[in-house]
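# Remarks on the overall topology
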Amino acid sequence: MRKLKNSELDRLDVSKFKEAKKSPIIIILDNIRSLNNIGSVFRTSDAFLIEKIYLCGITAQPPHNDIRKTALGSTETVDWEYAENTLDVVKKLKNEGVNICSIEQAENATMLNEFKPKRNTKYAFVFGNEVKGVGQDVVNVSDVVIEIPQYGTKHSLNISVSAGVVIWDVFNKLEKSNII
């Protein structure tokens with residue numbers, strides 16, 4: 001087995017990415033502290049044709065060297081917008097018919113492996129602060145809270161890892177159901 005060269009990967013260029021049909025997924029970053037985490041979420045969002053990222057609260061914005069280091073150019077492909085208040089973004093998207101899904105450990109949370117995305121539905125996944133998680137005010141207005149099952153001794157995953165797990169899982173379910 002031979003590793004492929006980048007030139008053999010048949011990736012989209014920036015203009016073709018901008019024109020490509022996006023998956024019905026929006027990402028909301030709620031007060032993320034680490035610029036490397038932000039860059040990693042951009043890179044994962046590029047890989048799965050995410051429609052848009054909202055950077056909220058203290059979440060840093062491109063251009064920034066520490067974001068650029070992990071984003072590897074994806075801040076130029078994935079649409080993004082800054083908003084001071086996460087709850088305002090969530091309420092705006094809900095009014096537009098977007099299904100709000102907070103990724104958090106909460107009472108009556110739906111386990112990610114049991115979450116079934118629906119046809120003709122756009123989803124916004126909210127990922128929270130590295131220490132405090134998703135704000136309770138956002139959890140309160142979410143349509144669903146999704147928990148990533150974990151079986152070890154730790155109680156959480158890094159936010160960029162959580163985003164990767166959730167985005168891939170939901171994208172995969174959408175693709176297998178011929179929703180995208």
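Everything here concerns the structure above.
The present account deals with the structure reproduced in this document. (Residues numbered from 1 in each chain as written. Predicted model: local features only at pLDDT ≥ 70, side-chain atom pairs only at ≥ 80, totals over all residues. Heavy atoms only, no water.)

### Considerations on the overall build of the protein
When its secondary structure is counted, the protein shows six helices and seven strands. Listing every helix and strand of the protein by position from the N terminus yields α-β-α-β-α-β-α-β-β-β-α-β-α. Rg of the C-alpha trace for the protein: 16 Å, near the compact-globule value of 16 Å for 180 residues, within the 12% margin. C-alpha extents for the protein along the principal axes are approximately 45 × 40 × 35 Å. Pairs at least 24 residues apart make up 83% of the contacts formed inside the protein by residues separated by at least 6 positions. Here the protein displays about 10400 Å² of accessible surface, and carbon together with sulfur accounts for 48% of that area. In the protein, 24 side chains carry a positive charge and 23 a negative one; their mean positions are 5 Å apart. (Helix = DSSP H or I, 4+ residues; strand = E, 2+ residues; numbered from the N terminus. Rg over C-alpha atoms; globule rule 2.2 N^0.38 Å. Contact = heavy atoms within 4.5 Å. Areas by Shrake-Rupley, 256 points an atom, 1.4 Å probe, with all protein chains shown as cover. Lys, Arg positive; Asp, Glu negative; His and termini not counted. Charge placed at Lys NZ, Arg CZ, Asp CG, Glu CD.)

### Regarding the side chain of T70
Position of T70 among the secondary structure elements: in helix α3 (residues 65–71). The class for T70 is buried, based on a relative accessible area of 18%. (Buried < 20%, exposed > 50% of the residue type's maximum accessible area, 1.4 Å probe, protein only.)

### Topic: helix α6 (residues 159–176)
Helix length check: α6 (18 residues) gives 25 Å between terminal C-alpha atoms against 26 Å at 1.5 Å per residue, within 8%. Within the sequence span of α6, burial applies to I159, S160, S162, A163, V166, I167, D169, V170, F171, N172, K173 and L174. Where α6 is buried, its residues contact β1 (23–30), α2 (35–47), β2 (50–56), β4 (99–103) and β6 (123–128). Note on α6: the residue one or two positions beyond its end, N178, has a positive phi of about 55°. (Expected span 1.5 Å × (residues − 1).)

### Concerning the nonpolar core
Counting residues in each nonpolar core, the largest one holds 34 residues, and the members touching the most others are I27, L29, F125 and F127. For this core, the elements supplying multiple residues, two or more each, are β1, α2, β2, α3, β4, β6, β7 (144–147) and α6. Here this core gets seven residues from one element, more than from any other, and that element is α6. In this view, F125 contacts I25, I26, I27, I28, C101, I103, F115, I146, V166 and V170; residues no more than four positions away in its chain are not counted. By size, the runner-up hydrophobic cluster in this structure holds 18 residues, among which are C56, L87, V90 and V145. (Core = buried A, V, L, I, M, F, W, Y, C linked by side-chain atoms within 4.5 Å.)

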